[in-house]
Amino acid sequence: MRLRELLQRVAVLSLTAPPEAEVRGISTDTRRLSPGEVFVALRGEHRDGHSFAQEALRLGAPAVVVERPLRGLPCVEVADTRAALARMAANLNGNPSERLTLVGVTGTNGKTTTTCLLEAVLRAQGLRTGLIGTVGYLVNGRKRPAALTTPLAQDFQGLLAEMLRGGSTHAVVEVSSHALALRRVDATEFRAAVFTNLSRDHLDFHPGMEAYYQAKARLFRELLKGPAVINADDPYGQRLMKELQGTEVLSFGFSSSAALRAQALSLGPQGLSMEVLYQGRRWHLESPLLGRPNAYNLLAALGASLALGLEPEAAIPPLQGFQGVKGRLQSLRNGQDFLVLIDYAHSPDALRQLILTAREIAPSGRVITLFGCGGERDKGKRPLMGALAEQLSDAVVLTSDNPRGEEPEAIIRDILRGMSRPSEKLLVEPERPAAIRKAIAMARAGDVVLIAGKGHEDYQEVKGVRYRMSDYQLAAEALKDRSPC
């Protein structure tokens, strides 16, 4: 590809690089740059890619894409290198979203389960599908580990192109607020998009809730080429529906205003059931998934299926057969007379919903909540989560999550600021394996033990090192070793 072809539909301010230069790829990291790859200078939290422009040219880059002109260098000057990167990545890969039926799912909670549910529905129709999300990437029938929920622009477009080459016709993508704010999915056409909900999270990255909302809203305002599927019971969902003028909207929820409406919800330790109403028709839906949040995830996936033109009769059976996602309200059963749930809840609202779910599915038992907070992330949510856990649980076990560069004890002190101390129902155990053993040892018949925060993750990150650690495995071992009561 020639440089001029790579720059199609890129808003170039000035060009001092030869437009006929041969381009073999795109790079944003000189440590991984190969000769022939255009270097895009991104401004990061700790480093500015402009400082590496000369090194990139020395390594064989035919041009550098910059936000300020660098005298004497072959440059492509643009106003926003992240936006330019996304468009160039799409061009380099043949603009794959123009030939894929691509569905984006965004929101604070429920993205992973909703995308997996929708992918299962599409696959059940005999379609060749792909998936990009937190728990992994599914490309042409093969699973890959996920480094990011939504990959960097060049990797994202590369995955879509690879899906196309393998014969995929549809793909479902978790679209994170980081990806939207950092323009990783710009230059992408989504044929449908789902808004699950919005509550406090990622405020270490976004300046506030308004900026967080506006990042999510970009998917619907700028990238969507089809219907929007929106949670009518969520306040931000209601706001988004009012602001989307000229966009087809399919709302879902339990409220009477929802186009796709659920009622008669029944919840238990074996799953859920509900009645679903749409356009004057009614269906019964049963699922092994647990709790009210999964009722919303099922509705979101069903709504997206309808937005793509499927009939409810085709979508409901695969939804009912879906067994769940690792680390998302995942039940661990080893013959014990109490329930153990592993979940990714790591924000105040997610933790609140998790505890309320436990109350609904096991109303006669105690709720024992184990959680921590991640280091180097939004510190403001720590006391909020402590207060919620103390208020809604019968017992709380505080421990480490991913402390990263912070001291676990310091994170726990932040959580404790939201709690009443001393408390008979509070146990502090910074070592997560020991904390899980103690939480399970506390359980009696009919109780629910919630192990929250890490979900599917199989590591704990401490001072830049990831050590192998799985909540599911730790809990299974604790159940095996637990003395009979």
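Bear in mind the structure is a predicted one, so any value in this text is a computation, not a measurement.

What counts, and at which threshold
- Residues numbered from 1 in each chain as written.
- Predicted model: local features only at pLDDT ≥ 70, side-chain atom pairs only at ≥ 80, totals over all residues.
- Heavy atoms only, no water.
- Helix = DSSP H or I, 4+ residues; strand = E, 2+ residues; numbered from the N terminus.
- Buried < 20%, exposed > 50% of the residue type's maximum accessible area, 1.4 Å probe, protein only.
- Contact = heavy atoms within 4.5 Å.
- Salt bridge = Lys/Arg side-chain N within 4 Å of Asp/Glu carboxyl O.
- Phe/Tyr/Trp six-rings, centres within 6.5 Å; stacked < 30°, edge-to-face > 60°.
- Lys NZ or Arg CZ within 6 Å of the ring centre and 35° of its normal.
- Expected span 1.5 Å × (residues − 1).
- Pairing = 2+ DSSP bridges.
- Axes fitted to C-alpha atoms, helices over the stretch in contact; angles between N-to-C directions.

A. Quick look at the side chain of Ser199. Considering the arrangement of structural elements, one finds Ser199 in the loop between strand E11 (192-195) and helix H7 (209-223). For Ser199, a relative accessible area of 11% translates into the label buried. If we ignore the near neighbours within four places in the chain, the residues touching Ser199 are Thr108, Asn109, Met209, Tyr212 and Asp349.

B. Examining the pattern of salt bridges more closely. Within the structure shown, the criterion is met by 30 salt bridges. One salt bridge connects Arg43 with Glu67, and the closest N-O pair in it is separated by 2.8 Å. You can see Arg43 sitting in the loop between strand E3 (37-40) and helix H2 (53-58) and its partner Glu67 sitting in the loop between strand E4 (64-66) and strand E5 (75-78), a full 24 residues away along the chain. Looking at Arg43, the relative accessible area reads 38%, which means it is partly exposed. With a closest N to O distance of 3.6 Å, Glu461 and Arg466 form a salt bridge. Taking the relative accessible area as the measure of exposure, Glu461 reaches 18% and is therefore buried.

C. Quick look at the packing of aromatic side chains. Within the structure shown, the criterion is met by 3 aromatic pairs. Taking the centre distance of 5.4 Å and the plane angle of 35° together, the rings of Tyr213 and Tyr236 count as tilted. With Tyr213 in helix H7 and Tyr236 in helix H8 (residues 235-243), this pair connects stretches of sequence that are 23 residues apart. Tyr236 sits in the partly exposed class, given a relative accessible area of 23%. Here the aromatic rings of Phe254 and Tyr296 are separated by 5.3 Å at their centres, their planes lie at 65°, and the arrangement is edge-to-face. With Phe254 in the loop between strand E13 (249-253) and strand E14 (260-268) and Tyr296 in helix H9 (residues 291-307), this residue pair connects regions lying 42 residues apart in the sequence. What makes Phe254 partly exposed here is its relative accessible area of 22%. Sitting over the face of the ring of Phe254, Arg292 holds its NZ or CZ atom 6.0 Å from the ring centroid. Against the face of Tyr459 rests Lys454, its NZ or CZ located 5.0 Å from the ring centre.

D. Main features of helix H4 (residues 111-124). Relative to the 20 Å expected for 14 residues at 1.5 Å per residue, H4 spans 20 Å between its end C-alpha atoms, a close match to the ideal helical length. Taking burial as the measure, the 14 residues of H4 include 12 buried ones, the bulk of the element. All buried positions along H4 are accounted for by Lys111, Thr112, Thr113, Thr114, Thr115, Cys116, Leu117, Leu118, Glu119, Ala120, Val121 and Leu122. Note on H4: the residue one or two positions beyond its end, Gly126, has a positive phi of about 85°.

E. Highlighting the sheet that holds strand E20 (residues 395-398). Taken in spatial order, the 6 strands of this open sheet run E17-E18-E22-E19-E20-E21, and their pairing is mixed. Both edges of this open sheet fall to strand E17 (330-332) and strand E21 (426-428), since each of them pairs with a single strand only. The average undirected angle you get between the axes of adjacent strands in this sheet is 20°. Here strand E19 (residues 367-371) runs beside E20; their pairing, made up of 4 bridges, is parallel. Counterpart to Ile368 in the pairing with E20 is Ala395. This element, helix H13 (residues 408-416), spans E19, E20 and E21 of the sheet and lies at about 150° to E20. Contacting E17, strand E18 (339-343) and strand E22 (448-452), helix H15 (residues 471-481) crosses the sheet at an angle of about 25° to E17.

F. Quick look at the sheet that holds strand E6 (residues 101-106). Pairing in this open sheet of 11 strands is mixed, and the strands run E9-E8-E7-E10-E6-E11-E12-E13-E14-E15-E16 from one edge to the other. Among the strands making up the open sheet, the edge pair consists of strand E9 (142-144) and strand E16 (281-287). Averaged over all pairs of adjacent strands, the angle between their axes in this sheet comes to 20°, without regard to strand direction. Bridging between E6 and strand E10 (residues 170-174) involves 5 bridges; their strand directions are parallel. Bridge assignment links Thr101 to a residue of E10, and that residue is His170.

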